[in-house]
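# Structural characterization, general
Spelled out, the chains give:
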Protein chains: 4
Amino acid sequence: MWGGRFQGGPAEVMEAINVSIDFDKRLAAQDLAGSKAHVTMLARQGIVSKADSEAILQGLDAIGREIAEGTFTFKREFEDIHLNIESRLAELAGPVAGRLHTARSRNDQVATDFRLWVREACERARHGVLMVQKALVAQAEAHTETIMPGFTHMQPAQPVSFAHHCLAYVEMLARDGSRFSDAGQRMNESPLGAAALAGTPFPIDRHQTAQALGFDGPARNSLDAVSARDFALEFLSAATICSMHLSRLAEEIVLWASPAYGFIRLSDAYTTGSSIMPQKRNPDAAELVRAKTGRILGSFVALTTVMKGLALAYAKDLQEDKEQVFAAADALDLALAAMAGMAGDMKPDADAMKRAAEKGFPTATDLADYVVTKLGKPFREAHHIAGAIVKRAEALGVALDQVPLADMRSVEPGLTEDVFKVLSLEASLNSRTSFGGTAPVRVREQIAFWRERLT
Amino acid sequence: MWGGRFQGGPAEVMEAINVSIDFDKRLAAQDLAGSKAHVTMLARQGIVSKADSEAILQGLDAIGREIAEGTFTFKREFEDIHLNIESRLAELAGPVAGRLHTARSRNDQVATDFRLWVREACERARHGVLMVQKALVAQAEAHTETIMPGFTHMQPAQPVSFAHHCLAYVEMLARDGSRFSDAGQRMNESPLGAAALAGTPFPIDRHQTAQALGFDGPARNSLDAVSARDFALEFLSAATICSMHLSRLAEEIVLWASPAYGFIRLSDAYTTGSSIMPQKRNPDAAELVRAKTGRILGSFVALTTVMKGLALAYAKDLQEDKEQVFAAADALDLALAAMAGMAGDMKPDADAMKRAAEKGFPTATDLADYVVTKLGKPFREAHHIAGAIVKRAEALGVALDQVPLADMRSVEPGLTEDVFKVLSLEASLNSRTSFGGTAPVRVREQIAFWRERLT
Amino acid sequence: MWGGRFQGGPAEVMEAINVSIDFDKRLAAQDLAGSKAHVTMLARQGIVSKADSEAILQGLDAIGREIAEGTFTFKREFEDIHLNIESRLAELAGPVAGRLHTARSRNDQVATDFRLWVREACERARHGVLMVQKALVAQAEAHTETIMPGFTHMQPAQPVSFAHHCLAYVEMLARDGSRFSDAGQRMNESPLGAAALAGTPFPIDRHQTAQALGFDGPARNSLDAVSARDFALEFLSAATICSMHLSRLAEEIVLWASPAYGFIRLSDAYTTGSSIMPQKRNPDAAELVRAKTGRILGSFVALTTVMKGLALAYAKDLQEDKEQVFAAADALDLALAAMAGMAGDMKPDADAMKRAAEKGFPTATDLADYVVTKLGKPFREAHHIAGAIVKRAEALGVALDQVPLADMRSVEPGLTEDVFKVLSLEASLNSRTSFGGTAPVRVREQIAFWRERLT
Amino acid sequence: MWGGRFQGGPAEVMEAINVSIDFDKRLAAQDLAGSKAHVTMLARQGIVSKADSEAILQGLDAIGREIAEGTFTFKREFEDIHLNIESRLAELAGPVAGRLHTARSRNDQVATDFRLWVREACERARHGVLMVQKALVAQAEAHTETIMPGFTHMQPAQPVSFAHHCLAYVEMLARDGSRFSDAGQRMNESPLGAAALAGTPFPIDRHQTAQALGFDGPARNSLDAVSARDFALEFLSAATICSMHLSRLAEEIVLWASPAYGFIRLSDAYTTGSSIMPQKRNPDAAELVRAKTGRILGSFVALTTVMKGLALAYAKDLQEDKEQVFAAADALDLALAAMAGMAGDMKPDADAMKRAAEKGFPTATDLADYVVTKLGKPFREAHHIAGAIVKRAEALGVALDQVPLADMRSVEPGLTEDVFKVLSLEASLNSRTSFGGTAPVRVREQIAFWRERLT
């Protein structure tokens, strides 16, 4: 498909490396919006005439319709989205089209378009995060008493509820959402009117265009306005961190859906089958979500490396910003949508979870805590007592709550029948009533907390 | 220095890979603070006795003094900072020391310590950013009329003031500072009391310990509290972006200080000399600041890769979090301090800057804008007129404001003597009065804006 | 363009995340080659009949023609390139097509296709590297006596020839080329016949298919064959390092082409102009080459992060390998082609280079070396003598070779008229005759060395 | 520990950012070796006298002894290892010490030292890789008939032997080892004698010093010799890829050692226990090995970013090379040593592995292959037949080899008693005799292959 590349010589090489229309056409809507705001302002300020402004606005609207209808032809000879639209406008509106470019330059135009796009990407990511959170809260609501092992080092350590586990991700995602929100707000300053880099002598009103485009106001320094790309990097870093969280949940889904665990079942919607093993459900979607972290992190690295050591103001290197952000935003959108779907789709198998939770004497710490509380021993001594009783249970081949009291008392004579109240999984779960703990009473409070906020 | 490694066999390998005291001793202050808050709360809640709590607090204070005085011995046999302090406390306070560990675990302890450290790192970064901003605003104040070339593609494009250029970085840094601020706030929830991962049956008051440690409140989910490291990643990402901005300024300083530019002179404080070329001033500090972006980005990549796909709750992989954050924070602190110093140290050479600004007909866009405004031509046509006059100037070997009016009128008969008012560098600078533009009147407003805020 | 995403529900999400035909269609040629080799072997081994094999081969050839002619319809419902070809083959060849899949699986098929593609990418990169080297050697040949400053810290340090500078990059690129060569060889083992992961009971001959596809032999372990992607990572790492070298040369081209340096002139072929500043030549191609390092490094990071911690054998995460490699290979191809073009296109301005080389007393080390050699002083003392004379020159405002002998002798009485032989740029250049030095006699040897090898 | 930083003002900041002795003291041995080779050559070439050379060599030897004995004082005032040694040499040997620096500069000196260090790191990595391979081959030898599930998507797919699985990693590691070998060879050119950047007028013999230091020869271009760091990047990329392989095995060890799998048992040597759960063995070492990928990848990213766009020849940015390489090399050494230990330490539980292998009808593909071979059906049709029989087995709740023949014949009448020969795990394993397949006969050949090579 690429064989015998660049036989066209320098011209072909230069076109291949320089032309951006193949990807920056995704800025079409933003470019039109920016141009409309700009020309409207120029007319209000008397810099172009009402009539010229009307003609330009009509042309821009016509272009918008052409793009929406798929009849607009993007041409590589016009290099980028800005010149593509500009040249079409000249066809539609005649020489008057040239007045649109008064008091602006491609540098502030591209910065404005791109900032609008990234701002929307932040908003879209926030929405996607919300969808995952809602699905997880719904799972939590149904499973405050479904016991699963809480793991450390992939080994069962203490029982928790499936609800509690789901809500851990709701917390992570809440911070992700707030990062996108902060990023969107911080970038919400309009570069439009910074012109090439120094501002312009025309009596423009940048506050007006900023407002028309939903910005909080105009950027305060024209050099910064055209040179900065930290807004894109901040989006990419928030996306990287969010995708890392998704990869952790995706890893758990892959494990939980495997026969070794059998904690959940995913429907056909998010798995693929095998013609030969009809029972097999490969968690492809979860695996792909897990992998997206790589791509998104890669984009952050790419753009940071591009920006590193770049002198002000505009350099063509900046053209590398868009593909990275587009690819990362697409990957994140997809990962969030797939995860929202899977989070809702999971069917927990309470029995399998409970069986796994019973392995490894998971109420040993409950026993130790009991020894501290009831017998007044220091924590470290209590740990040793509990450890000795666990060894006894291991030798007997029984669970902790099935060790005979006599055996326990041979380790610690102060123990009474009462101790059995803390040794079951349910007792352990119910006992962890500290704020943020896994006790159903606490978890239900958290569900209520999130129900109220996730709207 | 490493020759014949691991001759001690598995024990030596395991110690080498597992022990963290060599780096996590930097958490000593945070660990002591966390323990004090915890035991104070335990006493108030009646979980440990007043007397035990007093003994523990005294022991912790004694340890704090030993560390401050350098008499504390960190031992590899105790693996990490937590066990080092715990074992010393047992020596100082006796068996009662064991009660400190009631209702907490190493998992929430390390999460709390590290979060406190990173929160301080955010604060320190904010302060470092402020110092650079102040130095730049001071430079700006002195140079609102010092003309230098505004570059695109490293080619002079339009004149700007040195003040305006400095303020572009003040803007970037303001966003950096606000990112550190947001990060510090978002992470300001206390993991303490999450215990191993599930909460605890002891009647602890997590709000109390949270408040004592300056947190806004306790983390709402115990699994999240011990598993999450997005707070560290957010700090690293903000640090990466900030270091990228510093690398851009550092690159400019290296260029400006080179004979090819000669725009600034740095004192001996931030340069190194050569015994053989006494006039040479190597901008070592600027080069090193430029390079730090690599290290900090590397840390973000490292920790993201560690976290990717990690199942909840605690895994030993998380131990890799601290060295990356410490290294990045140190690098950033240094880069900010060095940049604050250099920003104040730069002595601009106004003549050299102006000479460079004169190259390449930098007022060509002013001429075009004039043609638009005064002759009412569309922007694109005006561009062609200006281009033709530039060609004329090039042929004559003179600057734009020295092209005879007759020559100009042969291109565009509508031009009059009046045109010369816009063709000098000073005229161009003064004309760019749009909000955010480089005109001194605008720049002085921005200086006032920042003077008020940077306190 | 993406508005209201995923309104089709789970099916649309799953398709969007799972389907790979949009990018893996670039493996079409490799897939056809692999299938042909496979079925030919199956027939030779008597696993399928001659007739069936013929029918399948004819079908595959027909598909190859359809793709070449652009009449093949890639369908998203068939998910990937393998199923697209398989389903078309079934249409063309009937049920017999099903026999093609005997003794193989999609796992070894995709591993084979992708390895073939990456092997070709290595070869293409090697060729691209060679083109840049040739252009640089040609420049070197013309400029063994064109003096420019050798820089340290961006400050002129010692004179070198432009030829010598060009050849430094030829060396770097030679190592890049050899890295691609090593990578191509190391990956040259055939996964075909590894089947799903365990090998197959069919009496296949993997050596035969390996040979048919130009592999050195079959991979020795079936699990490794389908699970490994280090070959892709090795290509990406070699590409990253190569692109880093290109970015260094690109940075120099951007600087050299700027008015501050004026060392070279680039033609219109690799620069873009400005409608308003006809003399301006923006080095867009060089800037874009410089930026590509980011993208390629990002791909290496992305795929490493995807692979990290991935259990054997096949997981869907691996599907993320191709887009990263395709994007990086395309970027590298382009960067190499653009750099080859620019390296040939550069027109050095010998006067400007020499003027720059004269700044900063660049023969001071020659003076010191002279003092060591002729006066027998230890190196450190000689440095101080030279430094003192440089100071004198600075005070007089003259170059080193214009300091009166008397002034020199007031610093070091042992100096004689003879010293002036080493103080000119030309003398310095000619004197550096150590192996690898910049003396024209040495540089010409190096040119001959490369002329012989770069064919 | 860092409170109130930089109260010493610029001097303290500059020292903190500029001084490298804290880390580059690890180059002491290399620096001494380089100096010895250099001065020996200077004497042979008659550039320094025999006596001076002797005095210098004795001084260098004395310094070597001081460092070995720990009596050498590294001083921050002397900035780096080179000046520390140089200043001590001046104390020991008097003014004659100054002659050592004839015909070299710190630029070629540091490049030589660092290259020697990295070359050794390659050798050490190769050795570490070999140790892991040997341990895996030893495991393989004992387990050619130990059946475990071969996984796709973490779901059991086909039976393989534990030996076969171990050997997959032996293959990956073999490529890692050969990458380190290639890297070590490619970098094996001596920068010594390149001097500052241009070569030297002294009649030095660079081939002599190259040989003395074990280099294949001198670097051919002096600018390249002092500017290039691709050798460090190549080491880091090979280390990244190797650590990625280790992370995959580490992930599997963590999973295998968990109760959900129970495939292996690790001894206390590579696990940590819990005072309270005596039976718990946390696979800390495996988790830390898994995490090291992050750190090593981070180092590659860091140094690539530092190098990106760096103009020739020397810039202080290059000082950032060493810490990254040291940290990555240490991490890799540790990870390899820990993995070699764990690979030998694993005690497979054959029963648990077999039980897991039985899940999910893993001989379904064997059944399909049988239908192809014995009944002559096309592959795709055979798949459907096998799928239907699997469904039947699922309905009956039995393994495939327990489905009554009658039931099978209701799906495919052509089947006979003979089919049962392929339906057991053992039959499946033994049948996969294609080259690279998991059949014990094949695997034993591979073990012999590796036994011969790994010495």
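As shown above, the structure is provided for reference.
A quick note: this is a predicted structure, and the numbers were derived from the prediction, not measured.

### Some thoughts on the relation of the copies chain B and chain A
It takes a turn of 180° to lay chain B on chain A, together with a shift of 0.0 Å along the axis; the resulting RMSD is 0.1 Å. Taken together, the rotation and translation relating the two chain copies correspond to the operation of a two-fold axis. Taking the C-alpha atom as reference, chain B places B:Ser237 closest to the rotation axis, 3.1 Å from it.

### Quick word on the interface of chain B and chain A
Every contact between the two is made by 98 residues of chain B and, on the other side, 99 residues of chain A. Across the chain B/chain A interface, buried area totals approximately 8,400 Å², and carbon plus sulfur atoms make up 59% of it. Among the ionic pairs, A:Asp230 bridges to B:Arg179, the shortest N-O distance being 2.7 Å. Summed over the shared surface of chain B and chain A, the result is 49 residue pairs in polar contact (both at pLDDT 80 or more). Looking at the side of chain B that touches chain A residue by residue, the class counts come to 40 nonpolar, 35 polar and 23 charged.

### Here's the deal with the relation of the copies chain D and chain A
The operation relating the pair of chain copies consists of a rotation about an axis and a translation along that axis. With an RMSD of 0.1 Å, chain D superimposes on chain A once it is rotated by 180° and translated 0.0 Å along the axis. Same-surface contact between copies: 100% of interface residues of chain D are shared with the interface of chain A.

### Topic: the packing of aromatic side chains
In this description, a pair of aromatic rings is defined by centroid distance and the angle of the planes. Applying the stated criterion across every chain yields a total of 38 aromatic pairs over all chains. Residues A:Phe300 and B:Phe300 carry aromatic rings whose centres are separated by 4.9 Å and whose planes lie at 55° to one another, so their mutual orientation is tilted. On the criterion of chain membership, the pair formed by A:Phe300 in helix α11 (residues 284-307) and B:Phe300 in helix α11 (residues 284-307) is interchain, its members lying in two chains. Residue A:Phe300 is classed as buried on the basis of its relative accessible area of 0%. Ring geometry for D:Trp117 and D:Phe326: centres 4.6 Å apart, planes at 55°, overall tilted. Of this pair, D:Trp117 sits in helix α6 (residues 106-142) while D:Phe326 sits in helix α12 (residues 321-345), and the two are 209 residues apart along the sequence. Taken individually, D:Trp117 and D:Phe326 each receive the classification buried, so the pair is uniform in this respect. Through pairs of rings, three or more aromatic residues link up here, namely A:Phe114, A:Trp117, A:Phe231 and A:Phe326. Sitting over the ring of B:Trp117, B:Arg124 keeps its end group 5.3 Å from the ring centre. Above the ring of B:Phe114, the side-chain terminus of B:Lys322 is found at 5.3 Å from the ring centroid.

### Observations concerning the nonpolar core
A:Leu136, B:Leu136, C:Leu136 and D:Leu136 are the most contacted members of the largest nonpolar core, which has 614 residues in total. Residues in contact with D:Leu136, not counting those within four places in the same chain, are D:Cys166, D:Tyr169, D:Val170, D:Leu173, D:Leu249, D:Ala343 and D:Met346.

### Comments concerning the pattern of salt bridges
Applying the stated rule across the entire model yields 164 salt bridges over all chains. Across the pair B:Glu426 and B:Lys354 runs a salt bridge, and its minimum N-O distance is 2.5 Å. You can see B:Glu426 sitting in helix α17 (residues 425-431) and its partner B:Lys354 sitting in helix α13 (residues 350-358), a full 72 residues away along the chain. Classification of B:Glu426 as partly exposed rests on a relative accessible area of 34%. Linking D:Asp176 and D:Arg179 is a salt bridge whose minimum nitrogen-to-oxygen distance equals 3.2 Å. Taken as a pair, D:Asp176 and D:Arg179 lie in helix α7 (residues 162-186) at a separation of three residues, close to a single helical turn.

### Structural notes on the interface of chain D and chain A
Listed per partner, the contact involves 42 residues of chain D and 42 residues of chain A. For the pair chain D and chain A, the summed buried surface comes to about 3,600 Å²; carbon and sulfur atoms form 60% of the total. Of all residues in chain D, the largest losses of buried area upon contact with chain A belong to D:His153, D:Gln155 and D:Ile276, amounting jointly to 19% of the total for that side. The interface formed by chain D and chain A includes 12 residue pairs in polar contact (both at pLDDT 80 or more). Elements that contribute at least two residues to the side of chain D that touches chain A include exactly β2 (155-161), α10 (230-256), α11 (284-307), α14 (364-375) and α15 (379-396) of chain D. A class-by-class count of the residues in the side of chain D that touches chain A yields 21 nonpolar, 12 polar and nine charged.

### Points about helix α3 (residues 28-44) of chain C
All names here are of chain C. Helix length check: α3, at 17 residues, gives a terminal C-alpha distance of 24 Å against a target of 24 Å (1.5 Å per residue), a fit within 8%. Of all 17 residues making up α3, 12 are buried, and the element is well covered by its neighbours. Listed in full, the buried residues belonging to α3 are Ala28, Gln30, Asp31, Leu32, Gly34, Ser35, Ala37, His38, Val39, Met41, Leu42 and Ala43. At its buried positions, α3 is contacted by α2 (21-24), α4 (50-69), α5 (81-93), α6 (106-142) and α8 (206-212). Gly46, located one to two residues past α3, shows a positive phi value of around 75°.

### Describing the pairing of strand β2 (residues 155-161) of chain A
Where a strand is regular, its side chains alternate between the two sheet faces. All names here are of chain A. Taking burial as the measure, the seven residues of β2 include seven buried ones, the bulk of the element. In this structure, strand β1 (residues 147-152) lies alongside β2, joined through six bridges in antiparallel fashion. Paired with Gly150 across the two strands is Gln158, which belongs to β2. In sequence, β1 turns back onto β2 through a hairpin of two residues, with His153 there showing a positive phi of about 55°.

### A short note on the environment of B:Gly177
Here B:Gly177 shows up in helix α7 (residues 162-186). In sequence terms B:Gly177 and B:Asp333 are 156 residues apart; their C-alpha atoms lie 13 Å from each other.

### Re unusual backbone geometry
The omega torsion of the bond from A:Leu312 to A:Ala313 falls at -5°, within 30 degrees of zero and hence cis. Among the secondary structure elements, A:Ala313 is positioned in the loop between α11 and α12 (321-345). The residue A:Ala195 is not glycine, and still its phi comes out positive at about 55°. In this fold, A:Ala195 is placed in the loop between β3 (189-190) and α8 (206-212). A positive phi angle is found at D:Phe361, which is not glycine, with a value near 50°. With respect to the helices, strands and loops of the structure, D:Phe361 is situated in the loop between α13 (350-358) and α14. The buried category is assigned to D:Phe361, whose relative accessible area is 12%.

### Topic: the environment of B:Leu116
All names here are of chain B. Within the secondary structure, Leu116 sits in helix α6 (residues 106-142). Judged by relative accessible area, which is 4%, Leu116 ranks as buried. In the structure, Leu116 is positioned 79 residues away from Ala195 in sequence and 17 Å away in space, judged by C-alpha atoms. Setting aside anything within four residues of it in sequence, one finds Leu116 in contact with Gln30, Leu213 and Phe215.

The rules behind the values
- Residues numbered from 1 in each chain as written.
- Chains lettered and ligands numbered in written order.
- Predicted model: local features only at pLDDT ≥ 70, side-chain atom pairs only at ≥ 80, totals over all residues.
- Heavy atoms only, no water.
- Least-squares fit on C-alpha atoms with pLDDT ≥ 70 in both.
- Contact = heavy atoms within 4.5 Å.
- Buried area = accessible area lost by both parts, 1.4 Å probe.
- Salt bridge = Lys/Arg side-chain N within 4 Å of Asp/Glu carboxyl O.
- Polar contact = N/O pair within 3.5 Å; in protein donor to acceptor, adjacent residues only side chain to side chain.
- Nonpolar A, V, L, I, M, F, W, Y, C, P; charged D, E, K, R; others polar.
- Phe/Tyr/Trp six-rings, centres within 6.5 Å; stacked < 30°, edge-to-face > 60°.
- Helix = DSSP H or I, 4+ residues; strand = E, 2+ residues; numbered from the N terminus.
- Buried < 20%, exposed > 50% of the residue type's maximum accessible area, 1.4 Å probe, protein only.
- Lys NZ or Arg CZ within 6 Å of the ring centre and 35° of its normal.
- Core = buried A, V, L, I, M, F, W, Y, C linked by side-chain atoms within 4.5 Å.
- Expected span 1.5 Å × (residues − 1).
- Pairing = 2+ DSSP bridges.

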